[in-house]
Amino acid sequence: MKLTVTEKLLTEMFARFAPIGALPGGGVTRLAYTEQEDAMHECFRDAARALGFRVWTDCVGNSYAAAFPEGTQGYTLLGSHLDSVIEGGEYDGVAGVLAGLAVLCELRARKNPLPVAVAAFRCEESSNFRVCTVGSGLVTGTLEDDVLRAASDRQGVPLLAHLRAHGYEKDAALLRGCARYLELHIEQGRVLQERGCEIGVVSAIAAPHRYVLRLNGMAEHSGATPMPLRRDSLCAAAEVILAVERAGQEEAANDSVATVGAVENRPNVMNAVPGTTTLQIDLRGIREDSLRRLEQAVTRRVEEICARRGIDYALKAADIKHPVQLDEALQRALCAAAETAGLSHMVMPSGAGHDAMSFAELCPTGMVFIPCRDGVSHNIREHTELSQIENGVLVLLHLLSGEA
Ligand code: HGY
Ligand code: MN
Ligand code: MN
């Protein structure tokens, strides 16, 4: 099968997206529910409309494009996201949304009547509100109300206030008529590259368990306070950060990971003993038992470090999700589609979270991975080739055209 429109579409669309949230040293910052994400969605909608597709937005700001009329049932939804982490790359999420648009164009060029829609979901990244997959979670009913109400951005502005400011509402109407969800995404790891494999078919998605840990010691004069009298919250945080890493290493054999990705320190000046330090902890795993051991180890070590150092602490869950197994029949069909397309492929888990997590309980859900250079992602150096996105489009097209 020869792609007719994809390369031109991808080249044009990446060029249109490029200036949005662009950073002087390369890479992008397009945080959720900020003007950069708004601009990405507007750019996507304008392009889809110009291509002659029906375009709409739902009441939490997700954007859609389709050739079929409103009210169509049983369609396949190709989705991903357009927001990024801070100092992120241009392909995380964007590759999947553009691949979806390319599939719509290729199906139309072949006069294939299959009902397929593309979705760009809001706030997939947890970078701004410490909660992920908000847009897809709201329209699939998988985002708990208490998590939504507790979420606030990096300046402390509630997520609900952002929705209201956009004229959106939290009680989103559930997505109707979607019979199957597929997502193309860069792997964000280096397994495909190391195995020389062109396509990954995802079997399971690791669940993020995210916590905010607030350590309260005592801010004091850094010159006049003798060492034995100090309750230094940043020193306690340093021990906790290494304890989290060690817990992750102990569970690495079970494909679990553990990271402290963000530190906020107060008063954060050279001549004051730190008094309050807040850590953001990200635990991930595809096995519930391993995740449980990880959580118990982290909780136990936080307790021990704080007791020994006389530090008060509050460990609060920000976002707890379950590991997701993806549809086996779809996995087989995607492998067959890659085979038909003449592309090397392998079945593999995803350590990263995706909007596909929001759909796995709702309908048959599948994911296609394409390699990214050296597995680098959530980094301004993130890169993949247009030809690799085209490979993903080819697999989706073979699957959807029933040619698999
Ligand atoms: O953080 C993640 O797993 C994904 O990039 N949203
Ligand atoms: Mn990401
Ligand atoms: Mn992503």
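Remember, predicted model here, so these are calculated numbers, not experimental data. (Residues numbered from 1 in each chain as written. Chains lettered and ligands numbered in written order. Predicted model: local features only at pLDDT ≥ 70, side-chain atom pairs only at ≥ 80, totals over all residues. Heavy atoms only, no water.)

Participant: It is not clear to me how the overall build of the protein chain should be interpreted in this structure. Could you clarify?
Facilitator: Within the protein chain, the secondary structure is distributed over 12 helices and 15 strands. In terms of overall dimensions, the protein chain is globule-like: its C-alpha atoms have a radius of gyration of 22 Å, near the 22 Å expected for 404 residues. Each principal axis of the C-alpha atoms in the protein chain carries an extent, and together these give about 80 × 45 × 40 Å. Buried residues in the protein chain amount to 56% of all 404 residues. Across the protein chain, the fraction of contacts at a sequence separation of at least 24, relative to all contacts at a separation of at least 6, is 78%. Of the roughly 17,000 Å² that the protein chain leaves accessible, carbon and sulfur atoms contribute 51%. Side chains of the protein chain carry 39 positive and 52 negative charges; the gap between the two charge centres is 2 Å. (Helix = DSSP H or I, 4+ residues; strand = E, 2+ residues; numbered from the N terminus. Rg over C-alpha atoms; globule rule 2.2 N^0.38 Å. Buried < 20%, exposed > 50% of the residue type's maximum accessible area, 1.4 Å probe, protein only. Contact = heavy atoms within 4.5 Å. Areas by Shrake-Rupley, 256 points an atom, 1.4 Å probe, with all protein chains shown as cover. Lys, Arg positive; Asp, Glu negative; His and termini not counted. Charge placed at Lys NZ, Arg CZ, Asp CG, Glu CD.)

Participant: Even after reading the chapter, I still don't get the site of ligand 1, so can you show me in this structure?
Facilitator: Taken together, Glu-124, Glu-125, Arg-210, Arg-284, Ala-352, Gly-353 and His-378 make up all the residues around ligand 1. In the environment of ligand 1, an oxygen atom lies 2.7 Å from a nitrogen or oxygen atom belonging to the backbone of Gly-353. The contact in question runs from an oxygen atom of ligand 1 to an N or O atom on the side chain of His-378, over 2.9 Å. Contact with the protein chains removes 95% of the 210 Å² of surface that ligand 1 exposes when unbound. Here the residues of the shell around ligand 1 are counted per class, giving one nonpolar, two polar and four charged. (Near = heavy atom within 4 Å. Polar contact = N/O pair within 3.5 Å; in protein donor to acceptor, adjacent residues only side chain to side chain. Nonpolar A, V, L, I, M, F, W, Y, C, P; charged D, E, K, R; others polar.)

Participant: Help me understand the pattern of salt bridges in this model?
Facilitator: It is possible for side chains bearing opposite charge to pair when their charged atoms get close. Counting across every chain of the model gives 20 salt bridges. With a closest N to O distance of 2.9 Å, Arg-122 and Glu-37 form a salt bridge. One end of the pair, Arg-122, is in the loop between β4 (116–121) and α4 (134–139); the other, Glu-37, is in helix α2 (residues 35–50), and 85 residues separate them in sequence. One salt bridge connects Asp-145 with Lys-170, and the closest N-O pair in it is separated by 3.0 Å. Here Lys-170 lies in the loop between α6 (159–165) and β5 (178–186) and Asp-145 lies in helix α5 (residues 145–150), a separation of 25 residues in the sequence. The exposure class assigned to Asp-145 is partly exposed, which follows from its relative accessible area of 34%. The structure contains a network of salt bridges with shared partners spanning Arg-210, Asp-282, Arg-284, Asp-319 and Lys-321. (Salt bridge = Lys/Arg side-chain N within 4 Å of Asp/Glu carboxyl O.)

Participant: Help me understand the environment of Met-357, please; the structure alone is not making it clear to me.
Facilitator: The residue Met-357 is located in helix α11 (residues 356–359) in this model. Residue classification places Met-357 among the buried residues on the basis of a relative accessible area of 7%. Taking the C-alpha atoms as reference points, Met-357 and Thr-133, 224 residues apart in sequence, are found 8.1 Å from one another. With near-sequence residues (within four places) excluded, Met-357 lies in contact with Cys-132, Thr-133, Ile-205, Ala-206, Pro-208, Lys-321 and Val-324.

Participant: Help me understand the environment of Thr-259 in this model?
Facilitator: Relative to the assigned elements, Thr-259 resides in strand β9 (residues 257–266). According to the relative accessible area criterion, Thr-259 is partly exposed, its value standing at 40%. Sequence separation between Thr-259 and Ile-281 is 22 residues, and the spatial gap between their C-alpha atoms is 5.8 Å. Setting aside its immediate chain neighbours within four residues, Thr-259 contacts Val-244, Gln-280, Ile-281 and Asp-282.

Participant: Help me understand the coordination of the manganese ion (ligand 2), please; the structure alone is not making it clear to me.
Facilitator: Note on metal sites: the ideal angle is 109.5 degrees for four tetrahedral donors, and 90 or 180 degrees for six octahedral donors. At this site the manganese ion (ligand 2) is bound by Asp-92 (OD), Glu-125 (OE) and His-378 (NE2), with donor distances of 2.0 to 2.2 Å. Mapped onto the sequence, the donors of the manganese ion (ligand 2) take the spacing D-x32-E-x252-H. A gap of 3.4 Å separates the manganese ion (ligand 2) and the manganese ion (ligand 3), which Asp-92 links by coordinating each metal. Taken as a pair, Asp-92 in the loop between β3 (75–81) and α3 (94–109) and His-378 in the loop between β15 (365–370) and α12 (386–400) lie far apart in primary sequence, 286 residues in all. Using a relative accessible area of 5% as the deciding quantity, one classes Asp-92 as buried. (Donors = N, O, S within 2.8 Å, 3.2 Å for Na, K, Ca; no water.)

Participant: I would appreciate a short explanation of the sheet that holds strand β12 (residues 312–320) in the present structure.
Facilitator: Strand order in the open sheet formed by four strands is β9-β11-β7-β12, with antiparallel pairing between adjacent strands. Whereas interior strands pair on both sides, the edge strands pair on one side only; in this sheet they are β9 and β12. Neighbour-to-neighbour, the strand axes of this sheet turn through a mean angle of 20°, independent of strand direction. Strand direction decides the pairing type here: strand β7 (residues 207–216) and β12, joined by eight bridges, are antiparallel. The partner of His-209 across the bridge, within β12, is Ile-320. Helix α8 (residues 233–250) rests against β7, β9 and β11 (276–285) of the sheet, and its axis sits at about 170° to β9. Contacting β7, β9, β11 and β12, helix α9 (residues 288–309) runs over the sheet at an angle of about 160° to β11. (Pairing = 2+ DSSP bridges. Axes fitted to C-alpha atoms, helices over the stretch in contact; angles between N-to-C directions.)

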